[in-house]
Amino acid sequence: MEGIKVNQIGVSFKGTGSFVPDQILTNQKISQRVDTSDEWIKSRTGISERRISSLEDDVTEMGYRAALAAIEMTDWDVKTVDLIVLATSTPNDLFGSAPSIQAKLGASNAVAFDLTAACSGFLFALITASQFLKGGSFKRAIVIGADQLSSFVDWNDRRSCILFGDGAGALAIEATSEFDNFIGFDMQTDGERGSFLNLPSKNIKDSIIDNIDFLSGGFSPIQMNGQEVYKFAVREVPIILDKLFKKTNYSSGEVDWLLLHQANQRILDSVGDRLKIPREKILSNLEKYGNTSAATIPLMMDEAIKNNRIKQNDIIAMSGFGAGLSWGAALIKWG
Ligand code: ACO
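Calculation notes
- Residues numbered from 1 in each chain as written.
- Predicted model: local features only at pLDDT ≥ 70, side-chain atom pairs only at ≥ 80, totals over all residues.
- Heavy atoms only, no water.
- Domains from an automatic or database assignment.
- Contact = heavy atoms within 4.5 Å.
- Buried area = accessible area lost by both parts, 1.4 Å probe.
- Salt bridge = Lys/Arg side-chain N within 4 Å of Asp/Glu carboxyl O.
- Helix = DSSP H or I, 4+ residues; strand = E, 2+ residues; numbered from the N terminus.
- Nonpolar A, V, L, I, M, F, W, Y, C, P; charged D, E, K, R; others polar.
- Near = heavy atom within 4 Å.
- Polar contact = N/O pair within 3.5 Å; in protein donor to acceptor, adjacent residues only side chain to side chain.
- Areas by Shrake-Rupley, 256 points an atom, 1.4 Å probe, with all protein chains shown as cover.
- Axes fitted to C-alpha atoms, helices over the stretch in contact; angles between N-to-C directions.
- Left-handed = near helix turned anticlockwise from the far one by under 90°.
- Phe/Tyr/Trp six-rings, centres within 6.5 Å; stacked < 30°, edge-to-face > 60°.
- Buried < 20%, exposed > 50% of the residue type's maximum accessible area, 1.4 Å probe, protein only.

## Structural notes on the domain arrangement of the protein
Next, step 1: Structurally, the protein comprises domain 1 (10-180) and domain 2 (183-194 + 221-333).
Next, step 2: Centre-to-centre, using C-alpha coordinates, domain 1 lies 16 Å away from domain 2.
Next, step 3: The interface is formed by 44 residues belonging to domain 1 together with 42 residues belonging to domain 2.
Next, step 4: Here domain 1 meets domain 2 over a buried area of about 3400 Å², counting both sides, of which 66% is carbon and sulfur.
Next, step 5: Among the residues of domain 1 in contact with domain 2, C119, L123 and F124 are the three that bury the most area, contributing 17% of the side total.
Next, step 6: For the pair domain 1 and domain 2, the interface holds 0 salt bridges.
Next, step 7: Mapped onto the side of domain 1 that touches domain 2, the elements with two or more residues apiece are β1 (10-19), α2 (38-45), β3 (49-51), α5 (121-134), β6 (140-148) and β7 (166-176).
Next, step 8: Its residues assigned to classes, the side of domain 1 that touches domain 2 comprises 22 nonpolar, 14 polar and 8 charged.

Next up, the structure:
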């Protein structure tokens, strides 16, 4: 297999999988709930419909189905998986949902944990898992992005409820000493601008006994300053990708696919324009799924691999961005 030769341990991309719930919520249907229209949503975001989880397909189930599909694309025995990283902001269990996925898979020799970085979550998880592989600690890893934001959306807020949907995607990656297809990465956060997008705890004060108060659990719906998030994305994403190209001695002209977090078609187009990457190289499926948070990148990747758009040795420039604020980029070669 052709790849970039290295002396140390590198990463090879072996499989993809995804899962979306059956329930479809179209723009038309949303307009029965809030004052909006298919035309407004499509023209401002590119989204036509999104999937909504029912009781049966929570984050654990969606993540499991995506991970299983990714493993099935490889020749791995599930017992040889060493590491499972689940990127999610909406676990079924705040103590972590990754071990439940591990149990469902029967991956009894793996260590599994959650990682939270909102819509940058999958990218951060992929980078994290890759470092374990490159460091020589683990050989086989499953990286999952799964989110169920429908449970945390204010369905009466037309400024935000139109954007989000539920889903999951997963990648199977393996350490190899022959080449390194994980070319480079960069990550950033800026908590100073964190208030632009939050899913905050309710912090309702209660008391345990006299003079000892506590804050009861639970979360408020998503709060978003859409315009500021938009400006942040179209400014920072081209900068971090450009920096990564320079660091890795690549140019945007060498990129076969631009795979961005699927937030808004206008953001995708604007980033592509700034990097001089033509529209036909920008992967997009947000029309069907909306913004599925940590799931968008692996969900899109799985579709493009299965449709034979992404091919062996294609160069893919990825970027995730969102709440935190957080953003990151990775340059990989498929295979
Ligand atoms: N239907 C009809 N009208 C609407 C709707 C709607 N769904 N939503 C807002 N409007 C109205 C507003 O009330 C406003 O009217 P006004 O001028 O009379 O007050 C007008 O449309 C313009 O509103 P803006 O907020 O300026 O609309 P904008 O063009 O910025 O589009 C949008 C809003 C789509 C949310 C855009 O700002 C955006 O995509 N931002 C990025 C958000 C994002 O991607 N968030 C997720 C990040 S990833 C993560 O970590 C989860």
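## Some thoughts on unusual backbone geometry
Next, step 1: For the bond running from G324 to L325, omega is -10 degrees, close enough to zero to count as cis.
Next, step 2: Residue placement: L325 occurs in the loop between β14 (315-322) and β15 (326-333).
Next, step 3: Even without being glycine, A118 reaches a positive phi, approximately 50 degrees.
Next, step 4: Take A118: it is sitting in the loop between β5 (111-115) and α5.
Next, step 5: Non-glycine residue K276 carries a positive phi angle of around 60 degrees.
Next, step 6: With respect to the helices and strands, the residue K276 is situated in the loop between α7 (265-274) and α8 (286-289).

## Digging into the site of the ligand
Next, step 1: Near the ligand lie 26 residues; those nearest to it are T36, R44, C119, Q227 and N264.
Next, step 2: Between W40 and the ligand, the recorded distance is 3.4 Å, taken from a side-chain N or O atom to a nitrogen atom.
Next, step 3: Expressed as a share of its isolated accessible area of 1000 Å², the protein-covered part of the ligand is 79%.
Next, step 4: For the shell around the ligand, the secondary-structure elements that each account for two or more residues are α2, α6 (226-248) and β14.
Next, step 5: Examining the composition of the shell around the ligand, we find that 4 residues originate from one element, α6, more than from any other.
Next, step 6: When residues of the shell around the ligand are sorted by domain, at least three fall in each of domain 1 (10-180) and domain 2 (183-194 + 221-333).

## Quick look at the packing of α6 against α7
Next, step 1: Interhelical geometry of α6 versus α7 gives an angle of 35 degrees and a closest axis separation of 9 Å. At the point where α6 passes α7, the crossing takes the right-handed sense. Counted together, Y230, A233, V234, R235, V237, P238 and L241 of α6 and R266, I267, S270, V271 and R274 of α7 form the full contact between these two elements.

## Let's talk about the packing of aromatic side chains
Next, step 1: Summed over the entire model, instances satisfying the criterion amount to 6 aromatic pairs.
Next, step 2: On the basis of an interplanar angle of 75 degrees and a centroid distance of 5.3 Å, the ring pair of F232 and W327 is categorised as edge-to-face. With F232 in helix α6 and W327 in strand β15, this pair connects stretches of sequence that are 95 residues apart.
Next, step 3: You can call F232 buried: its relative accessible area is 2%.
Next, step 4: In this structure W327 comes out as buried when scored by relative accessible area, which is 2%.
Next, step 5: An aromatic cluster is defined as three or more aromatic residues linked by ring pairs; in this entry it consists of F13, F182, F185 and W334.

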